[in-house]
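Structural overview
So you can see what is in the structure, the chains are spelled out below.
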Amino acid sequence: MSLNQASKPEGYGSVPESRVVAPSSWVAGVSGRFVLSQERRRTATDLGISVAFAKQGMTGAGSGPASESADDVKIDVTFRPPTFAEGGYGWKPYVRGLYDTEFTPTEDPKTHVRNPRQMAVRATGGLLRMPTPTWRRVEIGLAVENDLGQPNLQYGVQGALEFERRFGGRSGNIAVGELSYRLRNDLTYFLPSAGDKPNNLALRYNMVHELTVPLVDELSLAIAADFFMYQGKVATNRTPGTSMLLRVGLTYDRLWKPRYQPFL
């Protein structure tokens, strides 16, 4: 379950991002990410699949049919140095390809006309710092994106930062569950281009504070505050908008190494 409190300026109705067009409401949904990694002597490859879906029920006078506040399917592949590459925790190059789509298209809340389905293809290349127990992800790079549903080639920059702090551990010879705090930041900014339309976003910034409390094995209680900020690229939607999600749910997080341990 989550609470979405949105500040919605005018001019964003045609943007193919569910969190941009969704109103303030209570929502329920599910999300997950699966990553398959292969590490070789000099290079490593990560194949990731992310899914997020949440539907909200509007109540009260004038409420319309249920709408979606999250609807994402992302497939990405990353080429990077292996985890224990020479040079320790220094900066290393990486290249990533991403396909970002959705289960159902967004709908303009004013006209109730469905927007073209999001089919964004993005290529990113830059530098990353090898992960440490505290700084799980630090990346900065250049990005090129084109939405095949509404073509417009865009160039920009992308950065990511993930911090983790664990509390607890062992008390003598007794294992104690570890509380975990994570701070995740993702920022993408695209430069102005000749083909910019109201559906294009210049700025996407996502910040997530998450606290996980272990329950049983890899199952944890997760409490998160998810902040999303965006800004359009044309005169009608240059006023920044925001979306805040407060989430409480169950999280299953596990690292599995084939041939060395059973899956279950």
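Definitions and limits used
Residues numbered from 1 in each chain as written. Predicted model: local features only at pLDDT ≥ 70, side-chain atom pairs only at ≥ 80, totals over all residues. Heavy atoms only, no water. Salt bridge = Lys/Arg side-chain N within 4 Å of Asp/Glu carboxyl O. Helix = DSSP H or I, 4+ residues; strand = E, 2+ residues; numbered from the N terminus. Buried < 20%, exposed > 50% of the residue type's maximum accessible area, 1.4 Å probe, protein only. Patch = residues over 30% accessible without salt bridge, like charges linked within 9 Å, V, L, I, M, F, W, Y side chains within 5 Å. Areas by Shrake-Rupley, 256 points an atom, 1.4 Å probe, with all protein chains shown as cover. Pairing = 2+ DSSP bridges. Phe/Tyr/Trp six-rings, centres within 6.5 Å; stacked < 30°, edge-to-face > 60°. Core = buried A, V, L, I, M, F, W, Y, C linked by side-chain atoms within 4.5 Å. Contact = heavy atoms within 4.5 Å. pLDDT = per-residue confidence, 0-100. Polar contact = N/O pair within 3.5 Å; in protein donor to acceptor, adjacent residues only side chain to side chain.

**Considering the pattern of salt bridges**
Pairs can form between side chains of opposite charge once their charged atoms are near each other. The tally for this structure, following the rule as stated, stands at 18 salt bridges. One salt bridge connects Lys 110 with Glu 10, and the closest N-O pair in it is separated by 2.7 Å. Here the residue Lys 110 occupies a position in the loop between β5 (91-101) and β6 (119-129), and Glu 10 occupies one in the loop between β1 (2-7) and α1 (18-21), the gap between them amounting to 100 residues. Here Lys 110 falls in the exposed class, since its relative accessible area comes to 63%. Glu 10 sits in the exposed class, given a relative accessible area of 54%. Of the charged contacts in the structure, one is a salt bridge between Arg 166 and Glu 178, with a shortest N-O distance of 3.5 Å. A residue pair is termed long-range when its members are at least 10 positions apart, and Arg 166 in strand β8 (residues 154-171) and Glu 178 in strand β9 (residues 174-190) qualify at 12 residues. Accessibility expressed as a relative area gives 43% for Arg 166, which makes it partly exposed.

**Details of a nonpolar patch on the surface**
A surface patch of nonpolar side chains, amounting to about 870 Å² of accessible area, comprises Phe 34, Leu 36, Leu 47, Ile 49, Val 51, Ile 75, Tyr 99, Phe 103, Val 121 and Leu 148. Looking at the nonpolar patch, the elements that each hand over two or more residues are β2 (25-39) and β3 (44-56). Residue contributions to the nonpolar patch peak at three residues, all from β3. Tracing the sequence through the fold places Val 121 in strand β6. Assessed through its relative accessible area of 38%, Val 121 is described here as partly exposed.

**Focus: unusual backbone geometry**
Notably, His 112 is not glycine yet its phi reads approximately 60 degrees, a positive angle. Mapped onto the elements of the fold, His 112 is located in the loop between β5 and β6. Positive phi is not limited to glycine here, since Asp 217 has a value of about 50 degrees. On the accessibility criterion, Asp 217 (70% relative accessible area) is exposed.

**Structural notes on the pairing of strand β10 (residues 201-216)**
In terms of strand pairing, β10 meets strand β11 (residues 219-232) through 14 bridges, oriented antiparallel. Its bridge partner lying in β11, Leu 211 is registered against Ile 223. Two successive antiparallel strands, β10 and β11, enclose a turn made up of two residues, where Asp 217 displays a positive phi of approximately 50 degrees.

**A few points about the packing of aromatic side chains**
One pass over the structure, following the stated rule, counts five aromatic pairs. With 5.7 Å between their ring centres and 35 degrees between their planes, Phe 228 and Tyr 230 make a pair best called tilted. By relative accessible area, Tyr 230 is classed as buried at 0%. An aromatic cluster is defined as three or more aromatic residues linked by ring pairs; in this entry it consists of Tyr 12, Phe 228 and Tyr 230.

**Here we look at the nonpolar core**
Proteins that are soluble and globular tend to have nonpolar side chains buried together. The biggest cluster of nonpolar side chains holds six residues, and these are Tyr 12, Val 15, Val 20, Leu 201, Phe 228 and Tyr 230. Here Leu 201 is in contact with Tyr 12, Val 15, Glu 17, Val 20, Gln 154, Phe 190, Tyr 230, Gln 231, Gly 232 and Lys 233, once residues within four sequence places are set aside.

**A closer look at the confidence of the model for the protein**
In this model, the protein carries an average pLDDT of 86, and 88% of its residues clear a pLDDT of 70 or more. Of the regions scoring below 50 in pLDDT, residues 171-175 engages in four contacts with residues more than four places distant in sequence or in other chains.

**A word on the environment of Asp 253**
Secondary-structure assignment places Asp 253 in the segment after β12 (241-252). Sequence-wise, Asp 253 and Leu 219 are 34 residues apart; in three dimensions their C-alpha atoms are separated by 6.9 Å. In contact with Asp 253, other than residues within four places in its own chain, are Arg 182 and Glu 218. There is a polar contact of 3.3 Å between the side chain of Asp 253 and the side chain of Arg 182.

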